[in-house]
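# A look at the structure
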Amino acid sequence: KKYALDDLKLIAIVSGGTAPRAMFQDPTGTGVTVKRGDRMSKAEGKITKILSDRVIVEIEDTQTGRTKPEVLRRELVLHPEEPVQ
C-alpha cells in the first residue's frame, strides 16, 4: 500500500465464478492479487467490483473539509491502450 493508485497497473482479471480476482503490478514489477472488499494503494481505495475487463475502486476523499467524506469512483481498465471495436 505504499504506491499511488496511478502507479499500479492492472495486468490480469480472473472473472467467472463466485470470487473474481484482479492482479496489479507495482513499479518494481511485483504483482499483488486483490478481491472485492480489499483495500489498495496509499489512498486505501476499496475494490467494489471486478468485471471481465475492469476493476471499480472507490476512494473516500477526506480532504474536502466536509463532515461526510466524498467518495471518488475510479475505473481501472485491463487494456486501455487497445482500440475499441
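Residues numbered from 1 in each chain as written. Predicted model: local features only at pLDDT ≥ 70, side-chain atom pairs only at ≥ 80, totals over all residues. Heavy atoms only, no water.

### Description of the sheet that holds strand β4 (residues 39-40)
Which entries qualify depends on this criterion: If DSSP finds at least two bridges between two strands, the strands pair. Strands are runs of DSSP state E lasting at least 2 residues, helices are runs of H or I lasting at least 4, and numbering of each runs from the N terminus.
Read across the open sheet, the four strands follow the order β4-β5-β6-β7; overall the sheet is antiparallel. On the outer flanks of this sheet lie β4 and β7 (70-77), each paired with one strand and no other. Sheet topology note: the β4/strand β5 (residues 45-50) ladder contains two bridges and is antiparallel. Bridged to M40 within β5 is G45.

### Notes on the environment of D7
For clarity, the threshold we go by: Here, residues are in contact when the closest pair of their heavy atoms is within 4.5 Å.
Among the secondary structure elements, D7 is positioned in the segment before β1 (9-14). Between the alpha carbons of D7 and Q25 there is a distance of 8.6 Å; along the sequence they are 18 residues apart. With near-sequence residues (within four places) excluded, D7 lies in contact with Q25, D26 and P27.

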